[in-house]
Amino acid sequence: MRETQSGRTKGTTSRGVAMATLASFLFVVLGWMLVVPAPATAGVAISDKLSVFGDVRVRYEQDREDRTGTNIDRDRDRARFRARFGFKHKTTDKITMGMRFATAADSLQSPHQDLEVNGTNKQLFGIDQAYIETKWGKGGFLWLGKHGISFWEQNEQFWDGDIQPVGVGAGYKIGLGDGSLLLQSTYTYINDEGWANSSTNGINEDDTGMSLQAVYTRGGGTAAIGALMVNDDADQDLAGGSADYYIASLQYELGTTLPLKLGVDYLFSDRVNDSAGVNTGFEGKEDTGYVINASTKTGNWSLQVKHYDVGLNSVPLQGAVSQDNFRFSSNFEGQRYQVGHNFGNGVSMDGRIYDQDQKRSDLTIPSGNSWAMGSDENTRYQVNLNAKF
C-alpha cells in the first residue's frame with residue numbers, strides 16, 4: 001500500500017483520472033452505437049469455393065496492481081486493438097485450405113496491440129493461421145499446418161484459443177443414441193531447438209505437446225476429459241519441464257425462461273519438475289485448480305460470472321499457454337465479471353472486470369516468467385467494441 005500522504009494523494013488523483021477516462025470511453029462508445037446504425041454484415045461468399053472473414057476489436061483497459069514486498073503500488077491504462085482477416089478455399093469436396101492474418105502475430109497469447117504511433121508495442125501484422133484440412137468418413141477430420149489445437153473448452157484457462165501452433169490434428173465424431181462422442185487429438189511443436197552437432201543430435205529434439213480429448217454431448221449437457229502431454233527435450237527450457245496436464249469439464253444449459261449455462265473445470269497435473277531450480281520443493285504441489293462458470297442471456301444482453309482457483313502447476317507450462325484475460329495466468333484466485341450487448345450485424349460490445357489475488361507468496365518467480373502471479377493483488381477493467389463479418 002502507499003504509505004505516505006503524498007503517495008496516497010497522488011494515487012487517489014491518478015485513479016480518479018483513470019476512472020474518468022474509462023467512463024468517457026464507455027460514454028462515447030455507447031453514444032456512437034445509439035446514434036449510428038450498425039453496418040450491414042459484409043457478404044463472405046466470394047464464390048462457391050472461396051469465402052473471406054474478418055474482425056476488429058477496439059479496447060480500453062486499466063490495470064491496478066498491489067505489489068508484494070514493496071510499498072510502491074502501480075497502475076496503467078492502455079488503448080488497444082485487434083484486427084484479423086482470413087479466407088477459406090474449398091479445394092475439393094473433402095479438402096479445404098485456410099489462412100488468417102492478425103495483428104501482433106509474434107505474440108504468443110494475444111493478437112492485441114497498443115494503439116500508438118511507434119514503440120515496442122507496435123507489432124507486425126502477420127500469419128496467424130495457415131493450414132490444410134480434410135474430411136474423412138462420416139464424422140472425421142484431419143488438419144496439418146498452423147492451427148488452433150483441437151480441444152473443446154468452456155474457458156481458456158487450460159489453453160489460450162489465440163495460440164495457433166504448428167502441428168497436426170485429427171478427430172472423429174460418433175453418434176451415440178440421443179448424444180454424440182467426439183474423440184480428438186493434436187500433436188504440436190512448442191519450441192524448435194534448432195541445430196545441434198552430431199554428438200548431441202538435433203533430430204527429434206524439439207519441445208512438443210500432444211493433446212487427447214473425449215467430449216460427450218447430449219441434450220443441454222456436455223462432459224469432457226482431456227490431457228496435454230508436454231515433452232521438454234534437449235536443454236529443458238519449459239516451465240514445469242516434461243509433464244502431463246489434465247482437465248475434466250462438465251457443462252449444462254438449463255432451458256428456463258432465462259436460460260442459464262453452468263459449468264465447472266477441474267485441473268490437475270503429474271510429473272511437474274523444476275528444471276530451472278527456482279522453486280525446488282514445489283514439484284507435486286500446487287498442482288490442482290478449478291474454474292466455475294455461469295452465464296445467461298436475455299434478448300441482446302448477456303452476463304458471465306466465473307470464479308478461478310489456479311495453482312502454479314495445475315495448468316500447462318505454469319500458465320505460459322493459458323488465458324491472458326487476467327493480468328496473470330497461474331498462482332491466483334479470482335473472479336471474472338462480464339456484461340455484453342449484441343447490436344446485430346456482427347457488432348457487439350462488452351465491459352469486463354478481472355479481479356485476482358495471489359495464491360502463494362513464497363514462490364520465486366523468474367524475471368522472464370510474466371504469467372505466474374507475483375503480485376499481491378491485481379484488478380483489470382476492460383471495455384471492448386467488436387465488429388466482424
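Scroll up to find the structure this text is about.
I will try to describe carefully the structure that is included in this document.

Criteria and thresholds
- Residues numbered from 1 in each chain as written.
- Predicted model: local features only at pLDDT ≥ 70, side-chain atom pairs only at ≥ 80, totals over all residues.
- Heavy atoms only, no water.
- Phe/Tyr/Trp six-rings, centres within 6.5 Å; stacked < 30°, edge-to-face > 60°.
- Buried < 20%, exposed > 50% of the residue type's maximum accessible area, 1.4 Å probe, protein only.
- Patch = residues over 30% accessible without salt bridge, like charges linked within 9 Å, V, L, I, M, F, W, Y side chains within 5 Å.
- Areas by Shrake-Rupley, 256 points an atom, 1.4 Å probe, with all protein chains shown as cover.
- Salt bridge = Lys/Arg side-chain N within 4 Å of Asp/Glu carboxyl O.
- Helix = DSSP H or I, 4+ residues; strand = E, 2+ residues; numbered from the N terminus.
- Contact = heavy atoms within 4.5 Å.
- Core = buried A, V, L, I, M, F, W, Y, C linked by side-chain atoms within 4.5 Å.
- Pairing = 2+ DSSP bridges.

Let's talk about the packing of aromatic side chains
Then comes step 1: This structure, assessed with the given rule, holds eleven aromatic pairs.
Then comes step 2: Here Phe 151 and Phe 158 contribute two aromatic rings whose centre-to-centre distance is 5.3 Å and whose plane-to-plane angle is 15°, an arrangement assigned as stacked. Per residue, the accessibility class of Phe 151 equals that of Phe 158, and both read buried.

A look at a nonpolar patch on the surface
Then comes step 1: Taken together, the side chains of Trp 301, Leu 303, Val 305, Tyr 337, Val 339 and Ile 353 present a nonpolar region at the surface, about 510 Å² in accessible area.
Then comes step 2: Only strand 14 (301–310) and strand 15 (332–344) provide two or more residues apiece to the nonpolar patch.
Then comes step 3: Position of Val 305 among the secondary structure elements: in strand 14.
Then comes step 4: Take Val 305: its relative accessible area is 36%, and that puts it in the partly exposed class.

Considering the pattern of salt bridges
Then comes step 1: For the structure on display, the rule yields 20 salt bridges.
Then comes step 2: A salt bridge links Asp 162 to Arg 84; the shortest N-O distance between them is 3.8 Å. Of this pair, Asp 162 sits in the loop between strand 6 (140–146) and strand 7 (166–176) while Arg 84 sits in strand 2 (residues 74–90); the two residues are 78 residues apart in sequence, bridging distant segments of the chain.
Then comes step 3: The class of Asp 162 is buried, set by a relative accessible area of 19%.
Then comes step 4: Several salt bridges converge on common partners, so that one network encompasses Arg 59, Glu 61, Asp 63, Arg 76, Arg 78 and Arg 380.

Description of unusual backbone geometry
One can expect most non-glycine residues to show negative phi and most peptide bonds to be in trans.
Then comes step 1: The phi dihedral of Glu 286 is positive, around 50°, even though this residue is not glycine.
Then comes step 2: One can find Glu 286 in the loop between strand 12 (260–270) and strand 13 (288–298).
Then comes step 3: With a phi close to 55°, Leu 317 is a non-glycine residue in the positive phi region.
Then comes step 4: Structurally, Leu 317 is set in the loop between strand 14 and strand 15.
Then comes step 5: Looking at Leu 317, the relative accessible area reads 7%, which means it is buried.

Focus on the environment of Gly 319
Then comes step 1: With respect to the element layout, Gly 319 can be found in the loop between strand 14 and strand 15.
Then comes step 2: Note: C-alpha distance between Gly 319 and Asp 160 (159 residues apart in sequence) is 9.4 Å.
Then comes step 3: Those residues within four positions of Gly 319 in sequence are excluded, and the remaining contacts are Gln 109, Ser 329, Ser 330 and Trp 371.

What to know about the nonpolar core
Then comes step 1: Judged by nonpolar contacts, the single largest core of 25 residues is most densely connected at Phe 158, Trp 159, Val 230, Tyr 245, Tyr 308, Leu 317 and Phe 332.
Then comes step 2: Secondary-structure elements contributing two or more residues to this core are strand 10 (221–231), strand 11 (243–254) and strand 14.

Considering the pairing of strand 9 (residues 207–218)
Then comes step 1: For strand 8 (residues 179–191) and strand 9, the ladder comprises twelve bridges, and the chain directions are antiparallel. Counted as the bridge partner of Thr 188 is Gly 209 from strand 9.
Then comes step 2: Judged from the eleven bridges that link them, strand 9 and strand 10 form a sheet pairing that is antiparallel. From the neighbouring strand, Leu 212 faces strand 10, where its bridge partner is Ala 227.
Then comes step 3: The antiparallel pairing of strand 9 with strand 10 creates a hairpin that spans two residues between the two strands, and Gly 219 there sits at a positive phi of about 60°.

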